[in-house]
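Residue-level structure breakdown
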Amino acid sequence: LYEYSIADNKTKILLSRECRQPAGLRLDTLTKKIFFINRSEGLDNVDEGSIVRSEINGKELNHLIINDAAWIRDPINFEIYSPDNKIYWLDKKLKSIFYADLDGKNQKKIYNTAFFWPNAIKIDKTNLNIYWSDYYKGINRCNLLGIDVVLIYKPATSEHIKSIEVIGNHLY
């Protein structure tokens, strides 16, 4: 994991051996913490992944949600929702959406999606909904508790939805 200074054109290594294959980098501007998925795909005798938090300078690395058959096996994407101090994630192997407190405690499954290939998750901060995409099946929505699930977009062809963004009442 690197930090690049635009001002002086310098690169600094924040984390190296602790990060196998970092993915889904998020910065929580309220707590000044960096969150990411520490993937281990293709490495022998290593579980698929965990969700990790560190200080913005790369110090105090904490594995918040570690590989566990019940809570996390293959995290594919996640989203931070600071007002509730929650982190929401999609797990490809467990085919579910989970959340936990930003310190990794109080983990809970909120929806078993039965999706084939999850890709993106976004929190609609205006309407307090979760949107997630499945590579093949479309885009779904539910509230922050996993209730009122609705398929809102089903691709007519073989579109592959890899990412989504929510701004106001618009989905991109």
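Nothing here was measured: the structure is a model prediction, and the numbers come from that model.

1. Re the overall build of the protein chain
A count of helices and strands for the protein chain gives zero helices and 16 strands. Here the contacts in the protein chain between residues at least 6 apart in sequence split such that 33% fall between residues at least 24 apart. Roughly 9,700 Å² of accessible area belongs to the protein chain as shown, and the carbon and sulfur atoms make up 49% of that amount.

2. What about unusual backbone geometry?
Despite not being glycine, glutamate 60 shows a phi value in the positive range, around 55°. Located in the positive-phi region is leucine 128, a residue other than glycine, with phi close to 55°. As for its position among the elements, leucine 128 is in the loop between strand 11 (118-124) and strand 12 (129-134).

3. Topic: a nonpolar patch on the surface
A surface patch of nonpolar side chains, about 270 Å² in accessible area, is lined by Val150, Ile152, Tyr153 and Leu171. Broken down by element, the residue count for the nonpolar patch peaks at three residues, all from strand 14 (residues 150-153). Examined against the element boundaries, isoleucine 152 turns out to sit in strand 14. On the basis of relative accessible area, isoleucine 152 is assigned to the partly exposed category, the value being 35%.

4. Focus: the packing of aromatic side chains
The tally for this structure, following the rule as stated, stands at three aromatic pairs. Between tyrosine 88 and tyrosine 99 the ring centres are 5.5 Å apart and the planes differ by 45°, which places this aromatic pair in the tilted class. Remark: tyrosine 99 occurs in strand 9 (residues 96-101) and tyrosine 88 occurs in strand 8 (residues 86-91); sequence separation between them is 11 residues. Each member of the pair, tyrosine 88 as well as tyrosine 99, is classed as buried. The interplanar angle of 50° and the centroid separation of 5.4 Å between the aromatic rings of tyrosine 111 and tryptophan 132 together place this pair among those described as tilted. Within this pair, whereas tyrosine 111 is found in strand 10 (residues 108-112), its partner tryptophan 132 is found in strand 12, the two being separated by 21 residues in sequence. The class of tyrosine 111 is partly exposed, set by a relative accessible area of 24%. Classification of tryptophan 132 as buried rests on a relative accessible area of 1%. The lysine or arginine in question, arginine 26, covers the ring of phenylalanine 78, its NZ or CZ lying 5.1 Å from the ring centre.

Cut-off values and rules
Residues numbered from 1 in each chain as written. Predicted model: local features only at pLDDT ≥ 70, side-chain atom pairs only at ≥ 80, totals over all residues. Heavy atoms only, no water. Helix = DSSP H or I, 4+ residues; strand = E, 2+ residues; numbered from the N terminus. Contact = heavy atoms within 4.5 Å. Areas by Shrake-Rupley, 256 points an atom, 1.4 Å probe, with all protein chains shown as cover. Patch = residues over 30% accessible without salt bridge, like charges linked within 9 Å, V, L, I, M, F, W, Y side chains within 5 Å. Salt bridge = Lys/Arg side-chain N within 4 Å of Asp/Glu carboxyl O. Buried < 20%, exposed > 50% of the residue type's maximum accessible area, 1.4 Å probe, protein only. Phe/Tyr/Trp six-rings, centres within 6.5 Å; stacked < 30°, edge-to-face > 60°. Lys NZ or Arg CZ within 6 Å of the ring centre and 35° of its normal.

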